[in-house]
Amino acid sequence: MAYQWNANLYQQKHAFVYQYGSSLVDWLVPKAGEEILDLGCGTGELTEQIAQSGAKVIGVDQSEEMVEQAKRQYPIITFYTQDATQLSDLPQFDAVFSNAALHWMKDAQAVLKQVYQHLKPAGRLVAELGGKGNIAQIISALNRQRAKLGYPVIDTSEQWFFPSVGEYSNLLELVGFEVQQVQYFHRDTALAKDGIKVWIKMFAERWMADVEADQYEELLEATQESLRAALYHEGTWYADYKRLRILAVKV
Ligand code: BEZ
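Counting of residues starts from 1 at the beginning of each chain's written sequence and follows it residue by residue. Local features in this predicted model are restricted to residues whose pLDDT is 70 or higher, and side-chain atom pairs enter the listing and the counts only when it is 80 or higher, whereas totals over whole chains, interfaces and linings include all residues. Side-chain calculation: all heavy atoms of the structure are included, whereas hydrogens and water are not.

(A) Spotlight on the packing of aromatic side chains. When the centres of two rings from Phe, Tyr and Trp lie within 6.5 Å, Trp using its six-membered ring, the rings pair. Their planes under 30 degrees apart give stacked, over 60 give edge-to-face, and anything left gives tilted. Taken as a whole and judged by the stated rule, the model has 9 aromatic pairs. On the numbers, 5.4 Å between centres and 55 degrees between planes, the contact of Trp199 with Phe203 is tilted. Residue Trp199 and its partner Phe203 are both found in helix α8 (residues 195-203); the two are separated by 4 residues, about one turn of the helix. Each of the two residues, Trp199 as well as Phe203, counts as buried. Members of the aromatic cluster, connected to one another through ring pairs, are Trp104, Trp160, Phe162, Trp199, Phe203 and Trp207. A ring is considered to have a charge above it if a Lys NZ or an Arg CZ atom is located within 6 Å of its centre and within 35 degrees of its normal. In this arrangement the basic side chain of Arg228 is found over the ring face of Tyr232, its NZ or CZ atom lying 4.7 Å from the centre. The side chain of Lys250 reaches across the aromatic face of Tyr116, ending 4.8 Å from its centre. Only DSSP runs of H or I reaching four residues or more are called helices, and only runs of E reaching two or more are called strands; each is numbered from the N terminus. Using a 1.4 Å probe on the protein chains alone, a residue whose accessible area is under 20% of its type maximum counts as buried, one over 50% counts as exposed, and one in between counts as partly exposed.

(B) View of the nonpolar core. Counting 30 residues, the largest nonpolar core has Leu39, Leu125, Tyr168 and Phe177 as its most contacted members. Taken together, the elements giving at least two residues each to this core come down to β1 (35-39), β2 (56-61), β4 (93-99), α5 (108-117), β5 (119-130), α7 (165-175) and β8 (236-250). The leading source of residues in this core is α5, at 5 residues. With residues up to four places along the chain from it excluded, the contact list for Leu39 reads Val60, Ala84, Leu87, Val96, Phe97, Ser98, Asn99, Ala101, Leu102, Met105, Val111 and Val115. Among buried residues, the Ala, Val, Leu, Ile, Met, Phe, Trp, Tyr and Cys ones that are joined through side-chain atoms within 4.5 Å form a nonpolar core. Core analysis: the next-biggest nonpolar cluster, separate from the first, contains 28 residues, Ala141, Ile200, Leu219 and Leu220 among them. Working rule for contacts: check all heavy atoms of both residues, and any pair within 4.5 Å makes them a contact.

(C) Inspection of the site of the ligand at higher detail. In these notes, residues near a molecule or strand are those with any non-hydrogen atom within 4 Å of it. Within the structure, the ligand sits among His103, Trp104, Asn134, Ile135, Trp160, Phe162, Trp199, Phe203, Tyr241 and Arg243. Polar contacts, as counted here, are pairs of nitrogen or oxygen atoms within 3.5 Å of one another; within protein the pair requires one atom able to donate a hydrogen and one able to accept it, and residues that are adjacent in sequence qualify only if both atoms are side-chain atoms. In the model, an oxygen atom of the ligand is placed 2.6 Å from a nitrogen or oxygen of the Asn134 side chain. Between the ligand and Arg243 there is a distance of 2.6 Å, counted from an oxygen atom to a side-chain nitrogen or oxygen. Areas reported here follow the Shrake-Rupley algorithm with a probe of radius 1.4 Å; residue values treat only the protein chains shown as occluding. For the ligand, whose unbound accessible area comes to 260 Å², protein coverage reaches 98%.

(D) View of helix α6 (residues 136-148). Taking 1.5 Å as the rise per residue, α6 with 13 residues should run 18 Å; its terminal C-alpha atoms sit 18 Å apart, in good agreement. Contacts from the buried residues of α6 go to α8, α9 (213-226), α10 (228-231) and β8. Gly150 occupies a position one or two residues after α6 and carries a positive phi of about 90 degrees. To estimate the expected span of a helix, count its residues, drop one, and scale the result by 1.5 Å.

(E) Expanded view of unusual backbone geometry. For Ala100, which is not a glycine, the phi torsion comes out positive at approximately 55 degrees. Along the chain, the position of Ala100 falls in the loop between β4 and α5. Judged by relative accessible area, Ala100 falls into the buried class, the value being 18%. Positioned with a positive phi, Ala122 is a non-glycine residue whose angle comes to about 70 degrees. By the secondary structure assignment, Ala122 is in strand β5.

(F) Geometry of the packing of α6 against α9. For the pair α6 and α9, the least separation of the axes is 9 Å and the interaxial angle reads 130 degrees. Looking at the two axes, α6 sits oblique to α9. Judged by the sense of rotation from one axis to the other, the crossing of α6 with α9 is right-handed. Judged by residue contacts, Ile138, Ala141, Leu142, Arg144, Gln145 and Arg146 of α6 engage Leu219, Ala222, Thr223 and Ser226 from α9. Axis angles are defined between N-to-C directions and span 0 to 180 degrees, where every axis is a line fitted to C-alpha atoms and, for a helix, only to the segment in contact. Each angle is binned into one of four classes, with values under 35 degrees roughly parallel, values over 145 roughly antiparallel, values of 65 to 115 roughly perpendicular, and all other values oblique. Two helices that cross are described as forming a left-handed crossing if the nearer one is turned anticlockwise from the farther one by less than a right angle, and a right-handed crossing if clockwise.

Below, the structure written as structure tokens:
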């Protein structure tokens, strides 16, 4: 199922997505004149950061709404709405960059094949995605509260792919990449006010779609409250993010 993005809610309450992604640009080390594809560019903030190096960047995203917002914000950068499993009419790039997008693309092998084909020889893929165990506490809490109200258990693999280091390295190698750097780390991520509830509305709406209207707020509230001891510290809610960063080269 294609995910429907709300670009305004994304920018107002979830700016942390591209703010954290800023340090991933340090892995990319973009150079003036390089041709770079930002895959899953969202509203374009990191595309613009990469463009500041003098690189020629194109941003693509599967969400038309995100791409429209990106075009409004950065009219001199080229953005396209495209599905990463079918990157048509695009040339080969010196690098493909992707922040917090690949875990939404469940057919990871098809996506990596497309990326490989769209890289020049020795081109690099620099990416960060949710890794094994990502948001496991939020999902378990949501599942417990759903079960109390008689709703079925969520299977997150229907929506997201959170691979381990081994699993993702293996996929990259199968496609032909040489994996040059991998990092897996826990990054509890500070959320806006009413953090878990807003996070669920923004990113996990799929798992609320079957909830009766009169139980919706109750379910969100109970889920958030059950996470207070684990994910609320000194006035701030956190999401239990686990990140996987990779630098892989086309050989
Ligand atoms: C993530 O960035 O890890 C993520 C964001 C939204 C939904 C699931 C995971």
